[in-house]
Amino acid sequence: MDTWSLLSICVLLGLTTRWAVSLNSYSGAGKPPMFGDYEAQRHWQEITYNLPVHEWYFNTTDNNLNYWGLDYPPLTAYHSLLCGHVASLINPDWVELHTSQGFESSAHKLFMRATVLIADLLMYVPAVVLYCFYLSEGSNRKKVCLVLCILLYPGLILIDYGHFQYNSISLGLALWGVLGLGLGWDMLGSLAFVLAVNYKQMELYHSLPFFCYLLGKCFKQGMAGRGLFLLVKIAVTVLVTFTLCWLPFLTDPGQVLQVLHRLFPVGRGLFEDKVANTWCSLNVLIKIKTILSTDTQLYLSLAATLLAALPSSIKLLTKPTLWQFKLALVNSSLAFFLFSFQVHEKSILLPALPVCLLLGDLPLPAVWFLQASTFSMLPLFLKDGLFVPYAVTSSAFVFYSVYLLSALEHSSEEELRLRPVRRLVCLPRVDLGRIARWTFYLSVAAMAGLSFMSVALAPPARLPDLFPLLVSVFSFLHFLGLLLYFNVVQIAEPPSPRRKNPKKTE
Amino acid sequence: MAASTADSWSWFPALALGVSFLKCLMINSYHSTDFEVHRNWLAITHSLPVSKWYHESTSEWTLDYPPLFAWFEYGLSHVAQHFDKKMLVVQNLGYASPATVLFQRLSVIATDVVFIYAVRECCRSVREEKGSKDLLVRPYFILAALLLWNYGLLIVDHIHFQYNGFLCGILLLSVARHLQGRHLEGAFLFAVLLNLKHIYLYIAPAYGIFLLRSYCFTKDNTDGSVRWSSLSLVRLIALGSIVISVCALSFGPFIAMGQLPQVLSRLFPFKRGLCHAYWAPNIWALYNVVDKALSVLGLRLKLLANLPKASMTGGLVQEFQHSVLPSVSPSATLICTLVSILPAVLSIWRCPRGARGFLRCLVVCALCSFMFGWHVHEKAILMAILPLSVLAVESREDAGIFLMLATTGHYSLFPLLFTATEMPTKVLLILLFTLYSFTSLKKLFRGFLLNTLEVTYLLGLIAVEIICEVVYPLLPWKQTLPFVTLLAKSVYCSLGVSYSFIRLYLSILRPTDKPKEL
């Protein structure tokens, strides 16, 4: 069959899955007084539509920052404004100041879900298709399979179309950034990435690799001539984009400070709730939150994050290729997730995006990570009543990505790039590929078992948080292990240019 | 797809599993009153003794399927009690707790395993030429995809809510058995099917004539006509005893209790109107429209006096009279249907073309019943589309007819899901199926299968949808003439369905070179 028809079918399948998931409940449904992220998004439409720009981030009588105050950068606010205008055209009650708080109706839900679908269709899906066709290797059939597997990634679907958020916009913009850089259009790529950061400040997790890649590229072109020129062009692009995004707020330094204060709430402590990162897992053994002061916690996490992200960034600086860039995106964002301050479990989507890009090259570790990332958000899904979509989409994703990308057949030691590990560990007769496969099977079985237990069994009375804790520690161990693996793959790569491996093309 | 070769069947579980996952995701979508119908039947069969099953009328949705289906619901009810006991209380009308919805949806998905097995058997029986090695262009792969991912089944079974997958699975399994030459099993399966849903009586003539002509008469004369002396009484008695014993098992208890007339009156409720609330796109839709047009014309030209204001698309089904053209009674539709079936059935008697000729006759009978039947549901088009898929992957001409019939028939199912939330689902799924069926069949038969006129008609479906859903609500007539959109869709689709019907009929009447073997 023609590639374009296969591609259309895969995109339609991806869209159908997304809409089917959106038929389910959303975060905070029917739970006054605070509701959840769905109400937060609706509230931002109300605020941006009714109030003037200089009041959006401030605590006023009309804008109570304690009730879902705006804590994303200006682009989110502009997007909410656009949605608010459309909402008021359909039904003004949806964005009426004050009286629309906690508004819930099936028509409104349809509207909100539709905005997510439209944003996804405009931003994320085209980026995925272009990435698979222009920046990945293999036959056309393999590229189409890759599109399907990336579109089936459950984590993004369940958060955007279930819990309710607009990650597809920020991740889509970041992906456009990768696309730009990969195709050699550095300015456009930088522009897209700056827009992504201005949509959600968590995109800063990806900023180190973008910076090191572009800087490394400038160095390679020689700092005397073209390199310097490139650096200047990129710097100007970044500054201009930032200025344009923040234009309404630049009139008053107090505005800028307040927005920054809302974006980076440093007073809130090392972590909240259960999240699969180092600090929360460490807290099980040592209660660091109580032992250390807030300032010490801040410095500790800053130091740990930078240390963890340093090796991969330096390697990228010295060798700015696309392959290194993708790995550095994974390593940097995963390091930030594991060691940074005030990390939410949804931030796992930030490392998940670059890992999706690795599905074609390292299928088995990528599928493993992506499944673990979805699993780590299980307590959130249970709270939102999304267990059935979670179970179905996870099973479908694992099955189809393993089947279509032949993950288990391409799991030899050579293909998993585990030779450096062999040299390190010095075990002559052990088949590392076999170990990897069996650990994968056991891991998936354990995840399935824990998922089932979380929903079917009640936790013992002494340990009411047992299952979320088990989920988060289990996921943390996976993330740590995979961080080490991806770092080894990136750093152990020889300095000579990577030759195309004929075995990998079909 | 990379590792499996075209000869290993590992792709089949992948297709079946994929559609099952999709079905599981649809659990929370809209369900129609048919959901309550089946819940009521679960309650009736579980809570009441057998003697009351066909007398019970607390709910308006009385048991109107044959006894085997009632026993099927009885079996399901034993599993249902572990999900939510309250759904089995007859008085709980409209009860739809999350556990109830989960159980009912899962029961449809689980019983679809019969359909999946039947599809596998059909795929094994498909003939193919030695062609390309590419899996995606093999006839059995295309057939599996067209059947497993059939849009009509997904919409009707897993959203609207019915058990058609289970029933059509038995039908397809029976067809597969006949294609494989295992006629007694095929006959047994059809007998079971008849006792599960009696609408399949319409295709019983195809079975009857085929089995009589090609199975009971073991030899033909050299010119292809029947050799009366070769009647095998053993085979005839075997067939008869299978059918009778299945019917006895099903109706036996009710005959013993003297309830047969009551059961029959429930099974054949002719009080309902000529057309369902949504007109199925058949002959009577065109007839109704012509009648209405003539009556309006007559009033304008002052040829007719006062006319009764008949509402043909009201929510409840009522009897009504036509204004200008003669009114149609149930017996008139029965006669029309029988008359339309006759030539097809006669042609496989005179010139049997083996199991494939029987399959063609089956599709024609199903379409005849759809075109001329009394109170036809638009869902009945599936009875024709699904078996036609088997023919479509083997012959170029059939593929063209299939594309017309399937696209038009599937579009005519749109009014079943009228909620705004289901709009993206039904549009995405129909695009998926239509795109796949067109591109895969085109690749299989290497060339365009439809002429310009047919393509224009199908593109017109998109125009009809846009006009009905987007343009018409903005017009002032929406308030006074609300049924116009349904009417327009129904009439437009009946043109396509009638066209496919005529083409299919011509293909069965066309004489072939020599009679093929059984």
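Residues numbered from 1 in each chain as written. Chains lettered and ligands numbered in written order. Predicted model: local features only at pLDDT ≥ 70, side-chain atom pairs only at ≥ 80, totals over all residues. Heavy atoms only, no water.

Asker: Explain the overall build of chain B here, please?
Answerer: A count of helical and extended segments in chain B gives 20 helices and zero strands. In summary, chain B has a C-alpha radius of gyration of 23 Å against a globular reference of 24 Å for 518 residues, a match within 12%. Along the first, second and third principal axes, the C-alpha atoms of chain B reach 65 × 60 × 55 Å. Taken over 518 residues, chain B has a buried fraction of 56%. Accessible surface, chain B as shown: approximately 22,000 Å² in total, 68% of it carbon and sulfur. On chain B, the mean spot of the 42 positive side-chain charges and the mean spot of the 29 negative ones are 3 Å from each other. (Helix = DSSP H or I, 4+ residues; strand = E, 2+ residues; numbered from the N terminus. Rg over C-alpha atoms; globule rule 2.2 N^0.38 Å. Buried < 20%, exposed > 50% of the residue type's maximum accessible area, 1.4 Å probe, protein only. Areas by Shrake-Rupley, 256 points an atom, 1.4 Å probe, with all protein chains shown as cover. Lys, Arg positive; Asp, Glu negative; His and termini not counted. Charge placed at Lys NZ, Arg CZ, Asp CG, Glu CD.)

Asker: How do you make sense of empty space enclosed by the protein when you look at a structure like this?
Answerer: A probe matching the size of a water molecule, rolled over the atoms, marks out where space remains unfilled. Counting across every chain of the model gives ten cavities of 30 Å³ or more. Space inside the largest cavity adds up to approximately 810 Å³. Lining the largest cavity are 38 residues; nearest its centre among them are Ile9(A), Leu13(A), Leu148(A), Leu15(B) and Trp149(B). Elements represented by at least two residues in the lining of the largest cavity include exactly helix H1 (3–22), helix H5 (140–151) and helix H19 (387–404) of chain A together with helix H1 (11–25), helix H5 (139–148), helix H6 (151–161) and helix H17 (422–445) of chain B. The element that contributes the greatest number of residues to the lining of the largest cavity is H1(B), accounting for seven residues. A per-class count over the lining of the largest cavity returns 33 nonpolar, four polar and one charged. (1 Å grid on protein atoms, 1.4 Å probe; cavity = no way out; pocket = protein on both sides within 12 Å on 5 of 7 lines; lining within 4 Å. Points joined across faces, edges and corners; volume = space filled by probe spheres on them. Nonpolar A, V, L, I, M, F, W, Y, C, P; charged D, E, K, R; others polar.)

Asker: Help me understand the pattern of salt bridges in this model?
Answerer: Once the charged atoms of two side chains with opposite charge are near each other, the side chains can pair. Summed over all chains, the structure comprises 21 salt bridges over all chains. Between Asp120(A) and Arg18(A) there is a salt bridge; the shortest N-O distance is 2.7 Å. A residue pair is termed long-range when its members are at least 10 positions apart, and Asp120(A) in helix H4 (residues 106–134) and Arg18(A) in helix H1 qualify at 102 residues. Here Glu394(B) makes a salt bridge to Arg356(B), at a shortest N to O gap of 2.6 Å. Of the two residues, Glu394(B) is situated in the loop between helix H15 (382–392) and helix H16 (396–411) and Arg356(B) in helix H14 (residues 354–372); the sequence distance between them amounts to 38 residues. Judged by its relative accessible area of 22%, Glu394(B) is partly exposed. (Salt bridge = Lys/Arg side-chain N within 4 Å of Asp/Glu carboxyl O.)

Asker: Help me understand helix H10 (residues 233–256) of chain B, please; the structure alone is not making it clear to me.
Answerer: Each α-helix turn comprises 3.6 residues. Residues three or four places apart therefore point the same way. All names here are of chain B. Spanning 24 residues, H10 covers only 30 Å between terminal C-alpha atoms, well under the ideal 34 Å at 1.5 Å per step. The largest bend in H10 is about 50 degrees, located at Ser250, with the proline Pro253 one to four residues further on. In this structure, the buried side of H10 is in contact with helix H3 (67–80), helix H8 (183–194), helix H9 (204–216) and helix H11 (260–267). (Expected span 1.5 Å × (residues − 1). Bend = angle between axes of the 7 residues up to and from the residue. Contact = heavy atoms within 4.5 Å.)

Asker: I keep staring at the state of the cysteines and nothing clicks. Help me out?
Answerer: One way to say it: the disulfide is the covalent bond shared by the sulfur atoms of two cysteines. All names here are of chain B. Tallied over the full model, the rule gives zero disulfides over all chains. The cysteine Cys336 is free of any disulfide, with Cys368 supplying the nearest cysteine sulfur at 11 Å. Overall, Cys336 belongs to the partly exposed group, its relative accessible area being 30%. (Disulfide = S-S within 2.5 Å.)

Asker: Teacher, can you tell me more about the environment of Val491(B) here?
Answerer: All names here are of chain B. With respect to the element layout, Val491 can be found in helix H20 (residues 484–509). For Val491, a relative accessible area of 18% corresponds to the buried category. Note: C-alpha distance between Val491 and Trp284 (207 residues apart in sequence) is 9.7 Å.

Asker: In this structure, what is going on with the confidence of the model for chain A? I would like to understand it.
Answerer: Segments scoring low in pLDDT should not have their predicted coordinates read at a detailed level. Here chain A shows a mean pLDDT of 89. Residues at 70 or above account for 97%. This model gives residues 499–506 of chain A a pLDDT under 50, and the stretch forms ten contacts once residues within four places in sequence are excluded. (pLDDT = per-residue confidence, 0-100.)

Asker: Whenever I open this one, the interface of chain B and chain A confuses me. Can you help?
Answerer: One frequent convention defines the size of an interface as the accessible area lost when the parts assemble. Taken together, the 36 residues of chain B in the interface contact 33 residues of chain A. Between chain B and chain A lies a buried interface of about 2,900 Å² when both sides are counted; carbon and sulfur atoms form 76% of it. For the pair chain B and chain A, the number of links is one salt bridge. The closest approach of N and O atoms between Arg141(A) and Asp134(B), which form a salt bridge, is 2.8 Å. Of all the secondary-structure elements, those providing two or more residues to the side of chain B that touches chain A are H1 and H17 of chain B. (Buried area = accessible area lost by both parts, 1.4 Å probe.)

Asker: What exactly am I supposed to notice about helix H18 (residues 452–471) of chain B here?
Answerer: Residues and elements named next belong to chain B. With 20 residues, H18 should reach 28 Å at 1.5 Å per residue; the first-to-last C-alpha distance of 26 Å fits that figure. Buried residues of H18: Glu454, Tyr457, Leu458, Gly460, Leu461, Val464, Glu465 and Cys468, and no others. Relative to the axis of H18, the buried residues are bounded by an arc of 145 degrees and lie together on one face. Exposed side chains of H18 directed beyond 90 degrees from the buried face belong to Thr452 and Leu459. Summarising the contacts, the buried residues of H18 are in contact with H16, H17 and H20. (Arc of directions from axis to C-beta.)

Asker: Hey, could you run me through the side chain of Asp120(A) in this one?
Answerer: You can call Asp120(A) buried: its relative accessible area is 1%. Beyond its immediate chain neighbours, meaning those up to four positions away, Asp120(A) contacts Arg18(A), Val125(A), Pro126(A), Tyr161(A) and Ser168(A).

Asker: Explain unusual backbone geometry here, please?
Answerer: Most peptide bonds take the trans form, and the phi angle of most residues other than glycine is negative. The residue after Pro32(A), namely Pro33(A), is reached through a cis peptide bond having omega 0 degrees. For Pro33(A), the position within the fold is in the loop between H1 and helix H2 (37–50). One non-glycine residue with positive phi stands out, namely Phe161(B), at about 90 degrees. What makes Phe161(B) buried here is its relative accessible area of 0%.

Asker: What is the right way to read the UniProt feature "signal peptide" (unreviewed entry) in chain A from this model?
Answerer: Residues annotated in UniProt with the feature "signal peptide" (unreviewed entry) correspond here to residues 1–22 of chain A. The straight-line gap between the two end C-alpha atoms of residues 1–22 of chain A is 31 Å; of that span, 91% is helix and 0% is strand. (UniProt positions renumbered as here; feature names shortened; annotations may be inferred.)

Asker: Can you walk me through the packing of aromatic side chains in this structure?
Answerer: Describing an aromatic ring pair means giving the distance of the ring centres and the angle of the ring planes. Per the counting criterion, the structure on display carries 57 aromatic pairs over all chains. On the numbers, 5.6 Å between centres and 85 degrees between planes, the contact of Trp44(A) with Tyr72(A) is edge-to-face. Linking Trp44(A) in helix H2 with Tyr72(A) in the loop between H2 and helix H3 (74–90), this pair joins segments that are 28 residues apart in sequence. Of the residues examined, Trp44(A) reaches a relative accessible area of 5% and is grouped as buried. Both rings, one in Phe190(B) and one in Tyr207(B), keep their centres 3.8 Å apart while their planes meet at 15 degrees; by these two values the pair is stacked. On the criterion of sequence distance, the pair formed by Phe190(B) in helix H8 and Tyr207(B) in helix H9 is long-range, its members being 17 residues apart. Residues Phe190(B) and Tyr207(B) agree in their burial class; the two are buried. Here a set of aromatic residues connected by ring pairs shows up, and it is made of Phe35(B), Trp41(B), Tyr65(B), Phe69(B), Phe72(B), Phe161(B), Tyr163(B) and Phe166(B). (Phe/Tyr/Trp six-rings, centres within 6.5 Å; stacked < 30°, edge-to-face > 60°.)

Asker: What's the story with the nonpolar core in this structure? I'm lost.
Answerer: Within soluble globular proteins, side chains that are nonpolar tend to cluster in buried spots. Grouped together as the largest cluster of nonpolar side chains are 325 residues, with contacts concentrated most on Tyr200(B), Phe402(B) and Leu441(B). Contacts of Tyr200(B), omitting those with residues within four sequence positions, involve Leu167(B), Cys168(B), Leu171(B), Phe190(B), Leu193(B), Leu194(B) and Met383(B). (Core = buried A, V, L, I, M, F, W, Y, C linked by side-chain atoms within 4.5 Å.)

Asker: How should the side chain of Gln371(A) be read in this particular structure?
Answerer: Residue position: Gln371(A) is located in helix H17 (residues 363–376). With residues up to four places along the chain from it excluded, the contact list for Gln371(A) reads Tyr390(A), Ser394(A), Val398(A) and Met447(A).

Asker: Whenever I open this one, the packing of H9(B) against H10(B) confuses me. Can you help?
Answerer: Relative placement of two packed helices is described by the angle separating their axes and the distance separating the axes. All names here are of chain B. Their axes nearest at 10 Å, the elements H9 and H10 cross at an angle of 150 degrees. By the angle between their directions, the pair H9 and H10 is classed as roughly antiparallel. Of the two elements, H9 crosses H10, and the hand of that crossing is right-handed. Residues Leu211, Leu212, Tyr215 and Cys216 of H9 lie in contact with H10, whose contacting residues are Arg235, Leu236 and Leu239. Taken together, the residues that form the contact of H9 with H10 break down as six nonpolar, no polar and one charged. (Axes fitted to C-alpha atoms, helices over the stretch in contact; angles between N-to-C directions. Parallel < 35°, antiparallel > 145°, perpendicular 65-115°, else oblique. Left-handed = near helix turned anticlockwise from the far one by under 90°.)

Asker: Would you mind going over the packing of H1(A) against H5(A) with me for this structure?
Answerer: All names here are of chain A. Closest axis-to-axis distance for the H1/H5 pair is 9 Å, and the angle between their directions is 10 degrees. Viewed along their axes, H1 and H5 adopt a mutual orientation that is roughly parallel. Here Thr3, Leu6, Leu7, Cys10, Val11, Leu13, Gly14 and Arg18 of H1 lie close against H5, whose contacting residues are Asn140, Arg141, Val144, Val147, Leu148 and Leu151. Its residues assigned to classes, the contact of H1 with H5 shows nine nonpolar, three polar and two charged.

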